[in-house]
Amino acid sequence: QVQLVESGGGLVQAGGSLRLSCAASGHTFSMNYMAWFRQTPGKEREFVAATKWRVYMPSYADSVKGRFTISRDYAKNTMYLQMNSLKPEDTAIYYCAVRSGSGNVPSRPDLYDYWGQGTQVTVSS
């Protein structure tokens, strides 16, 4: 089992920045990929960014490329999402997720095994 705890959400004006953190604990040796997803009411969970855990190989949704950066601190078992130039349409609950299986960097939420509780990001216009 892997436990994930997100932090860093909040309210920010359009054009501002936020950094989300996701701290992992438990069987972290089993982590192969870590990712960020987001969800708004009535919509499906949407892929934001992901990376292989042991080798930095970032992948981004087109909607956040050039604005968001995923990173991780391997020693601290923590993943980050630096979000710049935020837009009102980035407003959502952001979740971190872990996948233990192998393969290409997955963007489907059903391919991830563990999830955090989510953190709210609200961007005002």
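These numbers were taken from a predicted model, which means no experiment stands behind them.

Once that is clear, we can look at the sheet that holds strand S8 (residues 78-83). In space, the four strands of this open sheet follow the order S1-S3-S8-S7, with antiparallel pairing throughout. Both edges of this open sheet fall to strand S1 (2-7) and strand S7 (68-73), since each of them pairs with a single strand only. Going from strand to strand, the sheet's axes swing by 15° on average, the running direction of each strand aside. Of the pairings in the sheet, the one linking S1 to strand S3 (residues 18-26) comprises six bridges and is antiparallel in character. Counterpart to Ser7 in the pairing with S3 is Ser21.

In this structure the tally under the stated criterion is one disulfide. The residue that forms a disulfide with Cys22 is Cys96, at a sulfur-sulfur distance of 2.0 Å. The chirality of the disulfide connecting Cys22 with Cys96 is right-handed, given an S-S dihedral of about 60°. Here Cys96 lies in strand S9 (residues 92-99) and Cys22 lies in strand S3, a separation of 74 residues in the sequence. Per residue, the accessibility class of Cys22 equals that of Cys96, and both read buried.

Thresholds applied
- Residues numbered from 1 in each chain as written.
- Predicted model: local features only at pLDDT ≥ 70, side-chain atom pairs only at ≥ 80, totals over all residues.
- Heavy atoms only, no water.
- Pairing = 2+ DSSP bridges.
- Helix = DSSP H or I, 4+ residues; strand = E, 2+ residues; numbered from the N terminus.
- Axes fitted to C-alpha atoms, helices over the stretch in contact; angles between N-to-C directions.
- Disulfide = S-S within 2.5 Å.
- Buried < 20%, exposed > 50% of the residue type's maximum accessible area, 1.4 Å probe, protein only.

Shape descriptors only; they carry no functional weight alone.
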